[in-house]
Amino acid sequence: MAIISKLEAKEILDSRGNPTVQASCRLQDGTIEIASVPSGVSTGKYEAFELRDNDMNRYRGKGVERAVGNINGEISEFLVGKELDQNTLDEALINLDGTKNKQRLGANAILAVSLAFARASAKEKGIPLFKYLANIYFKNENERMYKIPQPVFNTIEGGKHSDSGLSFQEFLLVPQEFENIKIKLEVIKKIFISLKDLLVKDGYEVNLGDEGGFSPKLSSDEKVLEYFNMAISSAGYNADQVKIGLDVAATTFFKDGLYLIKENKLNTREMIEMYKKLCEQYKIISIEDGLNEEDFAGFAEMNKALGQMINIVGDDITVTNIDLIKNAINNKSINTLLIKPNQIGTLSETMQAIRLAKENNIKTFISHRGGETEDTFVADLAVAVGADFIKAGGPTKPERIVKYHRLIEIEELIK
Ligand code: PGA
Ligand code: ZN
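Residues numbered from 1 in each chain as written. Chains lettered and ligands numbered in written order. Predicted model: local features only at pLDDT ≥ 70, side-chain atom pairs only at ≥ 80, totals over all residues. Heavy atoms only, no water.

Describing the packing of aromatic side chains
Thinking step 1. Applying the stated rule across the entire model yields 11 aromatic pairs.
Thinking step 2. A ring pair is formed by F130 and Y146, whose centres lie 5.4 Å apart and whose planes are at 85°; its orientation type is edge-to-face. Note that F130 is positioned in helix 4 (residues 129-137) and Y146 in the loop between helix 4 and strand 5 (150-157), a separation of 16 residues in sequence. Each member of the pair, F130 as well as Y146, carries the same accessibility label: buried.
Thinking step 3. Look at Y204 and Y227: their rings are 6.0 Å apart centre to centre, the planes differ by 85°, and that puts the pair in the edge-to-face class. With Y204 in the loop between helix 5 (181-201) and helix 6 (221-234) and Y227 in helix 6, this residue pair connects regions lying 23 residues apart in the sequence.
Thinking step 4. Ring pairing ties together the aromatic residues F168, F171 and Y275, which thus form one cluster.
Thinking step 5. Seen from the ring of F78, K82 lies directly overhead, with NZ or CZ sitting 3.8 Å from the centre.
Thinking step 6. Just above the ring of Y137 sits the side chain of R355; from NZ or CZ to the centre is 4.7 Å. (Phe/Tyr/Trp six-rings, centres within 6.5 Å; stacked < 30°, edge-to-face > 60°. Helix = DSSP H or I, 4+ residues; strand = E, 2+ residues; numbered from the N terminus. Buried < 20%, exposed > 50% of the residue type's maximum accessible area, 1.4 Å probe, protein only. Lys NZ or Arg CZ within 6 Å of the ring centre and 35° of its normal.)

Some thoughts on helix 11 (residues 347-359)
Thinking step 1. Between its first and last C-alpha, helix 11 extends 18 Å over 13 residues, near the 18 Å set by a 1.5 Å rise per residue.
Thinking step 2. Regarding helix 11, the residues found buried are L347, S348, E349, T350, M351, A353, I354, L356 and A357.
Thinking step 3. Note on helix 11: the residue one or two positions beyond its end, N361, has a positive phi of about 55°. (Expected span 1.5 Å × (residues − 1).)

Let's talk about the sheet that holds strand 3 (residues 32-36)
Thinking step 1. Taken in spatial order, the 4 strands make up an open sheet running 3-2-1-4, and their pairing is antiparallel. Each having just a single partner strand, strand 3 and strand 4 (83-84) make up the two edges of the open sheet.
Thinking step 2. Alignment of strand 2 (residues 19-27) against strand 3, held across 5 bridges, turns out to be antiparallel. The partner of R26 across the bridge, within strand 3, is I32.
Thinking step 3. On the sheet, helix 3 (residues 107-125) packs against strand 1 (2-13), strand 2, strand 3 and strand 4 and is oriented at approximately 35° with respect to strand 2. (Pairing = 2+ DSSP bridges. Contact = heavy atoms within 4.5 Å. Axes fitted to C-alpha atoms, helices over the stretch in contact; angles between N-to-C directions.)

Examining the nonpolar core
Thinking step 1. I71, I75, L79 and I366 are the most contacted members of the largest nonpolar core, which totals 126 residues.
Thinking step 2. With 11 residues, helix 3 is the largest single contributor of residues to this core.
Thinking step 3. Mapped onto the domain boundaries, this core takes at least three residues apiece from domain 1 (2-126) and domain 2 (150-413).
Thinking step 4. Look past the residues within four positions of L79 in its chain and what remains in contact with it is I4, L7, L84, L89, A92, L93 and V113.
Thinking step 5. With 8 residues, the next largest nonpolar core counts V152, L172, V313 and L338 among its residues. (Core = buried A, V, L, I, M, F, W, Y, C linked by side-chain atoms within 4.5 Å. Domains from an automatic or database assignment.)

Section: the site of ligand 1
Thinking step 1. In the region of ligand 1, 16 residues are neighbours, and V41, H161, Q169, R369 and G370 sit closest.
Thinking step 2. A distance of 2.8 Å separates an oxygen atom of ligand 1 from a polar atom in the backbone of G370.
Thinking step 3. When ligand 1 is considered free in solution it has 280 Å² of accessible area, and contact with the protein chains removes 100% of it.
Thinking step 4. In terms of residue class, the shell around ligand 1 is made up of 2 nonpolar, 6 polar and 8 charged.
Thinking step 5. In terms of domain composition, the shell around ligand 1 takes at least three residues from each of domain 1 (2-126) and domain 2 (150-413). (Near = heavy atom within 4 Å. Polar contact = N/O pair within 3.5 Å; in protein donor to acceptor, adjacent residues only side chain to side chain. Areas by Shrake-Rupley, 256 points an atom, 1.4 Å probe, with all protein chains shown as cover. Nonpolar A, V, L, I, M, F, W, Y, C, P; charged D, E, K, R; others polar.)

Notes on the sheet that holds strand 15 (residues 389-391)
Thinking step 1. With mixed pairing, the 8 strands of this closed barrel are ordered in space as 5-6-7-11-12-13-14-15. For this sheet the average axis-to-axis angle between neighbouring strands, irrespective of direction, equals 25°.
Thinking step 2. Note that strand 5 and strand 15 share 3 bridges and pair parallel. Looking at strand 15, one finds that Q150 is bridged to F389.

The structure is reproduced here in structure tokens:
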């Protein structure tokens, strides 16, 4: 238990230059820690509510002064002086808000407090954040295993994350067959350099997308996979060592019941057929949001067709929300769950989602967001709960690299 003596928030800018919330939490013994929340760019329909000012004179309406004001005002008044642990804090925040999707106080305000409290509590106890989180997640000490998740690196970007014109949102590389996270980062950086050389040689631009992957105007999504194979081998590796992941974010090109990919219009069956062919030809290990976010039945078909071979990952379809995850489990729609704390708005609910997945043999995949800050909370969270995968972007932008650095640091600590 800890007593909060002061909560303070401010508006900062995220990696895309949009405002977001940073909260600082001071405990009675003087410990202070901060946490910043990220923001999605291709958000799921049922995510917790991100409170923005809608004042068009500031940041085109994206200011978060109201969310900041809620922390400095109502949330502070309610919490300061109370003795809390993580669960009672999160419960208090949920009840104080009183709405189903945290729209009154804002999930961005609530999550910032939840995470800042976690960090301050860990510091007060004199333990690293991942240990504090593991203590909460695993009541049984013997289960705390501190495993570094497999990192998955965004390498080429399309969809809403870049102007490449590619339909799929994220083309990811998965360096599997290497000893540790430090070496995996080195391998990926080497492939990034090879890929850049290949793209430049062929006359493509090498600008970066939101998450630090390249955004070349290649003629098709499949072309990216060809470049991946070339880059992997020209960096001196093979397709068994470095595999491929996709985050299709298919909702973003779903219109009137069909998927619009360049000049083609595909139905659900044809989409699954396309994925099947891609999986036969390339070493793909996961496909995230391969279909529209409300199509639990379509996901189930896809999971049935491909789920034995690859990870069928739910992101927009499940949005870290218990009810939607249960729906996905009951329908057998996914075998892997993407976890983003700000989709649901408190640390406790995030852990509840992870627990539910694990109890049902669903793999867990912790994720950053399109709009990020230098906050590294997701790295500690992934290690604490023993997540299978983590994605934090390409190794080209500081707000992404810090997450990998934190994993390297943790790897040293648990050695
Ligand atoms: P985001 O997208 O921009 O909404 O965070 C990332 C994702 O779809 O995984
Ligand atoms: Zn996604």
